[in-house]
Protein chains: 2
Amino acid sequence: MTDDHIVKSFGEELDRIDQLIVEMGGLAETQLASAIRALVRRDSDLANDVREGDARIDELEREINDRIVRILALRQPMAGDLRVAIAALKISNELERIGDYAKNVAKRSVVLVQSPAMSSTLTISRMGTLVQSMIKNVLDAYVARDAAAAEDVRDADQEVDQLHTSMFRELLTYMMEDPRNITPCTHLLFIAKNIERMGDHTTNIAEQVHFLVVGQDPEAARTKRDKSSTTVVNPVLPVSTPEEAGGA
Amino acid sequence: MTDDHIVKSFGEELDRIDQLIVEMGGLAETQLASAIRALVRRDSDLANDVREGDARIDELEREINDRIVRILALRQPMAGDLRVAIAALKISNELERIGDYAKNVAKRSVVLVQSPAMSSTLTISRMGTLVQSMIKNVLDAYVARDAAAAEDVRDADQEVDQLHTSMFRELLTYMMEDPRNITPCTHLLFIAKNIERMGDHTTNIAEQVHFLVVGQDPEAARTKRDKSSTTVVNPVLPVSTPEEAGGA
């Protein structure tokens, strides 16, 4: 009877951690959605809500962390349960970082309200929607302990990377067209990069889910399709010093 | 006798993890130094060495991770030792990310060789040297279990943030001066951001060291001096459409 009780309440403790992870993930997803909406609608109030909302995600990470340390200390879980505890620790850390990026998007979107609206925010919004569904799907995969669904999330990240690379080129082109675009486009560059990084962190969660189910890391190395770090865009019309124009 | 032997070998296992952390940190520090040197000297070969060198850091993270999971499973450490294990897990994760950023700096420095040299690389190099010494000092603080030294590392990050914010303004100004500066300055913006992020991750390690020694998180919330996310720079000479110039 006593043994049975202990086993049941240990399971309950792990279930509680799962619930907290799902709550944290849901919040991260909402924060991203709101940050993007604030950007598109140029809504500084909403952006400020996002900036404040991040504290709750940080709080949840600390709670999950404390619970896991307590489980490790008091329950001394073996094999499978230990794997769950370690994975939860890592997943909550990834979600915390996703929250940080959403907060930074919101912060920059407030600055962007001072500049004219730019069409690129729509591509960014598409990137955001993609990452949002990745977060949703990876949490479902986590709850269902579904390695195949987690694998699909990893694949989806390639589309995010491709969108990011083309966004990078597009924004550099706008900057070259008019120097007044430089400040807003720079913030949009970093916003796009933030969303691309959220995709990476979601992919890391997918890899943790895979590890949780299969017991080892995914076999195939992940293909990175983000080429923005090595992208060069040259101005169409060279200005200032004609003798350098051909050589650059 | 047997008990004594087990205790000793457990201590040895934890010492081995400390050694691996120090090795990993030393590598991260070297990777950053080399990435900066590659950038300043426009040395693509060195940059490619950095890109390849990151695999060793990833490998060390996996090794530390596997050893800690084994310790948790077989030794079931309590209180202090458990804290060491959890902190090491987190610190190795932070170092892995520092390595990733060094790799990205190296990647972008290869692209920059195609553009004329820019004076801003010297400020970036100063930021890099600062973060490098932060990494060195936080590892010393970790080995010595010195909370005060860890606190100094947290403080040093404020200077990195300030340099980053002024770097951000400077690069935007160069972009406005000549559209041909836009691509190289954008990569420099991301390089500066990468180094600023390395400072943040080093600060996270300092907080782990504090936690390890004191048993709780640092009391004072960290002051973020990086204002780049909210910085606006306007072109000195408005061009193209005069009717908008006053309104922007």
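Note that the structure is predicted; figures quoted are calculated from it, not measured.

**A short note on the packing of helix α5 (residues 147-177) of chain A against helix α6 (residues 182-214) of chain A**
All names here are of chain A.
Line of reasoning, step 1. Between α5 and α6, the least distance of the axes is 9 Å, while the angle of their chain directions is 170°. With respect to α6, the axis of α5 lies roughly antiparallel. Here the hand of the crossing between α5 and α6 comes out left-handed.

**Details of the interface of chain B and chain A**
Many authors give the size of an interface as the accessible area that is lost as the parts come together.
Line of reasoning, step 1. Between chain B and chain A, the residue contacts involve 51 residues of the former and 49 residues of the latter.
Line of reasoning, step 2. Interface area for chain B against chain A, summed over the two sides, is near 4400 Å², with a carbon-plus-sulfur share of 61%.
Line of reasoning, step 3. One can count 2 salt bridges joining chain B with chain A.
Line of reasoning, step 4. Of the charged contacts, one joins Glu94 of chain B and Arg97 of chain A as a salt bridge, the two residues approaching to 3.1 Å between their closest N and O atoms.
Line of reasoning, step 5. Across the contact surface, chain B and chain A share 14 residue pairs in polar contact (both at pLDDT 80 or more).
Line of reasoning, step 6. The set of elements that each furnish at least two residues to the side of chain B that touches chain A consists of α2 (44-75), α3 (79-112), α5 (147-177), α6 (182-214) and α7 (242-245) of chain B.
Line of reasoning, step 7. Considering only residue class, the side of chain B that touches chain A consists of 23 nonpolar, 16 polar and 12 charged.

**A short note on the confidence of the model for chain A**
Residue and element names in this part refer to chain A.
Line of reasoning, step 1. Per-residue confidence for chain A gives a mean pLDDT of 89, with 89% of residues at or over 70.
Line of reasoning, step 2. Considering only residues more than four positions removed or in separate chains, one finds that residues 1-5, a stretch of pLDDT under 50, has 0 contacts.
Line of reasoning, step 3. Predicted confidence is poor over residues 239-248, with pLDDT under 50, and the contacts of this stretch with residues over four places away or in other chains come to 9 contacts.
Line of reasoning, step 4. Model confidence for the complex: the whole-complex pTM is 0.89, and ipTM, which rates the interface, is 0.87.

What counts, and at which threshold
- Numbering of residues starts from 1 in each chain and follows the order in which that chain's sequence is written.
- Here chains are named by letter from A upward and ligands by number from 1 upward, in the order in which they appear as written.
- Under the rules for a predicted model, residues below a pLDDT of 70 receive no local features and side-chain atom pairs below 80 are neither given nor counted, while totals for whole chains, interfaces and linings still include all residues.
- For the side-chain quantities, the full set of heavy atoms in the structure was used; hydrogens and water were omitted.
- Only C-alpha atoms enter the line fits that serve as axes; for helices the fit covers just the stretch in contact. Angles between N-to-C directions range over 0 to 180 degrees.
- By the criteria applied, helices consist of DSSP H or I runs no shorter than four residues and strands consist of E runs no shorter than two, each listed in order from the N terminus.
- Oblique is the label for any angle not covered by the other classes, which are roughly parallel (under 35 degrees), roughly antiparallel (over 145) and roughly perpendicular (65 to 115).
- Handedness of a crossing is defined here by the sense of rotation of the near helix relative to the far one, left-handed for an anticlockwise turn of less than a right angle and right-handed for a clockwise turn.
- Residue contacts follow a heavy-atom distance rule, with two residues in contact if any of their heavy atoms lie within 4.5 Å.
- Accessible surface is computed with a 1.4 Å probe, and the buried area is the amount of it that two parts give up when combined, taken over both parts together.
- By definition here, a salt bridge exists when the distance from a side-chain nitrogen of Lys or Arg to a carboxyl oxygen of Asp or Glu is within 4 Å.
- Residues adjacent in sequence count toward polar contacts only when both atoms are side-chain atoms; beyond that, a polar contact is any pair of N or O atoms within 3.5 Å, and within protein one must be able to donate a hydrogen and the other to accept it.
- By the convention adopted, Pro, Cys, Tyr, Trp, Phe, Met, Ile, Leu, Val and Ala count as nonpolar, Lys, Arg, Asp and Glu as charged, and the other residues, Gly among them, as polar.
- Each residue carries a pLDDT score, the predictor's own confidence in it, on a scale running from 0 to 100.

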